[in-house]
Amino acid sequence: MKHPFSSYRKLFPILDNAIQLSSCSQSALSLPVRQAIDDYLDVWVRRGADWGYWMEQVALARAEFARMIHADVDDIAVLGSVSDAASAFASALRFEADRPEIVTTTLDFPSICHVWLAQQPRGAQTRFVPVEAGGTDTTDRVVAAIDGRTALVSVSQACFYDGQLVDIAATGRAARRHGAVQFVDAYQSAGSVAIDVRAQEVDVLASGAQKYLLGIPGIAFLYVRPELARRLVPTVTGWFGRVDPFAFDPARLDFADSATRFSTGTPPMMCASVARASMGLLNEIGIPAIEAYLGQLSALAIEEATRLDLEVASPLEPSAKGANTAIRIANAAQVEARMLQSGYVVSARNDVIRIAPHFYNNADDVVGALRELARLTR
Ligand SMILES: Cc1ncc(COP(=O)(O)O)c(C=O)c1O
């Protein structure tokens, strides 16, 4: 199988010593990201404090994220984590007696579910749609659960556990039909699955930078559709949610006329430098090309795992999953450590080992990891 991005491997020094296949947790460090961190530190050493440079890095990171999801830069807020982004957004919602429900699934990321559950004192009732690992009917199940009592629908576009994909356009349509709003958790999809918030008519979408965005934790991007953002008034806030953060008027609580109103305190500037560089690299290549290639790696992983008699927890149909192929392993955490000794960086969660390649991985990386996994677990 041809590797269309083989020339980029030299940008990822770890590949000289180990095979990193953990993009569902942490992607490999690239030279442009390392340079961005060095530049940030250099500016600090040389100039002490440079708000102009810091704000420029944040603006550039927002612009790269906006470009990636086909949004306007004004429609992106910057926060510290996806959980924070969900909390800031939730703080602006009202849960009425006749429309109290938040619909999510049993395979959504726990932290985001916890944010929804924490809205209970404000009248919210969280309803977990039961879905199965490896399932291909999650979209249908979510759509069927949405009704006139639904205030918010929250789905992971790609699941952290088994990589299964939800059709966010379909769940969003169902939400809209019933007068609800949809929140898309794109942390496991952004950077590896093409997203077009306009074509897919997305209301709200959040992602952090650590996974397929090739960055580090400490920063998250929150897209809110402009007409929706203007209607919502968050109660979780801070100076970067103001019309002019540098107005310094303690008595004036105005809200920026866009998703920026969901920003809170000082943005994570160093993380923004990293995200600017890492998303710049991804946007240069183009997510549709990356997604197509990762689909080929998915098909290969499923085929090889099946041949090796490994139990695949992910959907067996490559188009129903993202880059992550989850293999069921009893003592996954121990096996993760042993894989590392063998030179493979993979990621354990509960009872699965996740093999999650990015564009810099090739077929040998994926096949080699699966064969080593089979050897270690025989
Ligand atoms: C799908 C998904 N959503 C949310 C999170 C949590 O993000 P954060 O730690 O930025 O709140 C994770 C972390 O692994 C995740 O995989």
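Below or above, wherever it landed, is the structure these notes cover. Just so you know, these numbers come straight off a predicted model, no measurement behind them. (Residues numbered from 1 in each chain as written. Predicted model: local features only at pLDDT ≥ 70, side-chain atom pairs only at ≥ 80, totals over all residues. Heavy atoms only, no water.)

**Focus: the overall build of the protein chain**
Alright, step 1. Across its full length, the protein chain holds eleven helices and twelve strands.
Alright, step 2. Taken over C-alpha atoms, the radius of gyration comes to 21 Å for the protein chain, in line with the 21 Å a tight globule of 378 residues would show.
Alright, step 3. Along the first, second and third principal axes, the C-alpha set of the protein chain runs to 65 × 55 × 35 Å.
Alright, step 4. A buried classification covers 59% of the 378 residues belonging to the protein chain.
Alright, step 5. Sequence-distant contacts in the protein chain: of pairs separated by 6 or more residues, those separated by 24 or more amount to 72%.
Alright, step 6. Summing over all exposed atoms, the protein chain offers an accessible surface of approximately 15,400 Å²; the carbon and sulfur share of this is 52%.
Alright, step 7. Counting 35 positive and 42 negative side-chain charges, the protein chain places the averaged centre of each group 1 Å from the other. (Helix = DSSP H or I, 4+ residues; strand = E, 2+ residues; numbered from the N terminus. Rg over C-alpha atoms; globule rule 2.2 N^0.38 Å. Buried < 20%, exposed > 50% of the residue type's maximum accessible area, 1.4 Å probe, protein only. Contact = heavy atoms within 4.5 Å. Areas by Shrake-Rupley, 256 points an atom, 1.4 Å probe, with all protein chains shown as cover. Lys, Arg positive; Asp, Glu negative; His and termini not counted. Charge placed at Lys NZ, Arg CZ, Asp CG, Glu CD.)

**Describing unusual backbone geometry**
Alright, step 1. One non-glycine residue with positive phi stands out, namely Glu201, at about 50°.
Alright, step 2. With a relative accessible area of 43%, Glu201 lands in the partly exposed category.
Alright, step 3. Of note in the backbone geometry, Phe248 takes a positive phi value of approximately 50° without being a glycine.
Alright, step 4. Using a relative accessible area of 58% as the deciding quantity, one classes Phe248 as exposed.

**Brief notes about helix α2 (residues 51-69)**
Alright, step 1. In this model, α2 (19 residues) spans 27 Å end to end at C-alpha, consistent with the 27 Å of a helix rising 1.5 Å per residue.
Alright, step 2. If you check which residues of α2 are buried, you get Tyr53, Trp54, Gln57, Val58, Ala61, Arg62, Glu64, Phe65, Ala66, Met68 and Ile69.
Alright, step 3. For α2, the elements touching its buried residues are α1 (31-47), β2 (76-79), β7 (204-208), β8 (220-224), α8 (269-285) and α9 (287-307).
Alright, step 4. Two or three places before Gly52, at the opening of α2, Asp50 has a side-chain oxygen 3.2 Å from that residue's backbone nitrogen. (Expected span 1.5 Å × (residues − 1). Polar contact = N/O pair within 3.5 Å; in protein donor to acceptor, adjacent residues only side chain to side chain.)

**Digging into the side chain of Glu304**
Alright, step 1. Note on placement: Glu304 falls in helix α9.
Alright, step 2. A relative accessible area of 8% means that Glu304 is categorised as buried.
Alright, step 3. Residues within four places of Glu304 in sequence aside, it is in contact with Val367, Leu370 and Arg371.

**Quick notes on empty space enclosed by the protein**
Alright, step 1. Under the defined criterion, the tally for this structure stands at one cavity of 30 Å³ or more.
Alright, step 2. What lines the largest cavity is Thr105, Leu107, Asp108, Val131, Thr138, Val155, Ser156, Cys159, Gln164 and Val166. (1 Å grid on protein atoms, 1.4 Å probe; cavity = no way out; pocket = protein on both sides within 12 Å on 5 of 7 lines; lining within 4 Å. Points joined across faces, edges and corners; volume = space filled by probe spheres on them.)

**Looking at the packing of helix α10 (residues 332-341) against helix α11 (residues 363-377)**
Alright, step 1. Between α10 and α11, whose axes approach to 10 Å, the crossing angle comes to 120°. On the basis of the axis angle, α10 is oblique to α11. Pair α10 / α11 crosses with right-handed handedness. Listed contacts from α11 to Val335, Arg338 and Met339 of α10 are Ala369, Glu372, Leu373, Leu376 and Thr377. (Axes fitted to C-alpha atoms, helices over the stretch in contact; angles between N-to-C directions. Parallel < 35°, antiparallel > 145°, perpendicular 65-115°, else oblique. Left-handed = near helix turned anticlockwise from the far one by under 90°.)

The analysis is restricted to geometry; functional conclusions fall outside its scope.
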